[in-house]
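This is what each chain is made of:
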Amino acid sequence: DTEVTQTPKHLVMGMTNKKSLKCEQHMGHRAMYWYKQKAKKPPELMFVYSYEKLSINESVPSRFSPECPNSSLLNLHLHALQPEDSALYLCASSHLRTPDNQPQHFGDGTRLSIL
Amino acid sequence: QKEVEQNSGPLSVPEGAIASLNCTYSDRGSQSFFWYRQYSGKSPELIMFIYSNGDKEDGRFTAQLNKASQYVSLLIRDSQPSDSATYLCAVMGTGKLIFGQGTTLQVKP
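Our subject in this report is the structure included herewith.

Calculation notes
- Residues numbered from 1 in each chain as written.
- Chains lettered and ligands numbered in written order.
- Predicted model: local features only at pLDDT ≥ 70, side-chain atom pairs only at ≥ 80, totals over all residues.
- Heavy atoms only, no water.
- Contact = heavy atoms within 4.5 Å.
- Buried area = accessible area lost by both parts, 1.4 Å probe.
- Salt bridge = Lys/Arg side-chain N within 4 Å of Asp/Glu carboxyl O.
- Helix = DSSP H or I, 4+ residues; strand = E, 2+ residues; numbered from the N terminus.
- Nonpolar A, V, L, I, M, F, W, Y, C, P; charged D, E, K, R; others polar.
- Phe/Tyr/Trp six-rings, centres within 6.5 Å; stacked < 30°, edge-to-face > 60°.
- Buried < 20%, exposed > 50% of the residue type's maximum accessible area, 1.4 Å probe, protein only.
- Lys NZ or Arg CZ within 6 Å of the ring centre and 35° of its normal.

What follows deals with the interface of chain B and chain A. Tallying the contact residues gives 20 residues for chain B and 21 residues for chain A. Taken over both partners, the interface formed by chain B and chain A buries close to 1600 Å², and the fraction arising from carbon and sulfur atoms is 56%. Connecting chain B to chain A are one salt bridge. Elements that contribute at least two residues to the side of chain B that touches chain A include exactly strand 4 (33-38), strand 5 (45-50), strand 9 (85-92) and strand 10 (97-99) of chain B. The element best represented in the side of chain B that touches chain A is strand 4 of chain B, accounting for three residues. Partitioned by chemical class, the residues of the side of chain B that touches chain A number ten nonpolar, eight polar and two charged.

Here the focus is the packing of aromatic side chains. One pass over the full model with this rule turns up eleven aromatic pairs over all chains. Summarising the aromatic geometry, the rings of Phe34 of chain B and Phe49 of chain B are spaced 6.5 Å apart at their centres and angled 40 degrees between planes, so their arrangement reads as tilted. Residue Phe34 of chain B is found in strand 4, and its partner Phe49 of chain B is found in strand 5; the two are separated by 15 residues along the sequence. On the numbers, 6.0 Å between centres and 50 degrees between planes, the contact of Tyr36 of chain B with Phe99 of chain B is tilted. Highlighted residues: Tyr36 of chain B in strand 4 and Phe99 of chain B in strand 10, separated in sequence by 63 residues. Owing to a relative accessible area of 0%, Tyr36 of chain B belongs among the buried residues under this scheme. Overall, Phe99 of chain B belongs to the buried group, its relative accessible area being 9%. Each residue in the set Tyr33, Tyr35 and Phe106 of chain A together with Tyr36 and Phe99 of chain B is aromatic and connected to the rest through ring pairs, giving one cluster. Directly above the ring of Phe49 of chain B sits Lys56 of chain B, whose terminal nitrogen or CZ lies 3.6 Å from the centroid. Between the NZ or CZ atom of Arg60 of chain B and the centre of the ring of Phe61 of chain B, over which it lies, the distance is 5.5 Å.

This is the structure in structure tokens:
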């Protein structure tokens, strides 16, 4: 178990469905991240939120829509996904401190399958 | 393109031996370095982080950093079969972590 909680753990959806992934942390972290990971590949960064504001969007298709309602919650809204979007979706969080970048802590992930 | 390079392995060591995992990075300005362990089907788990040149020890794990050579390594002493996993080296770039491809470690009983 990790201190970053992701729900659901598994999700199967059709290409026309709308669903949301949720992520929650109570460590007081002010940076939160979404990653996508395909089998036998490293995590790929999708989005970064700093102080609840989107700071990095790695040119992710608009069918993925992030939302950060407050400092503890991060959502990823999914719509009209493609089969190639099937992957493990990871949420992470970290403190924001300088000059040393703080470690990111990952949740258990949501395994997403697109039919 | 800033890169992080790791040998994909598999690296196979006998139980009780020292496993040495290596990583090189291209951005000379990088300041923060992380090692994650990932079991098959699970999420990455932070093992070590290091910011300064030299060694940092935590139990059976030692991270080594040489900024002049742009090289970071992870040593696992007294390797156990439960250490069998993929080890991801990650380097902080401009606001984001850059991961290597990961090294698969197999510890044979």
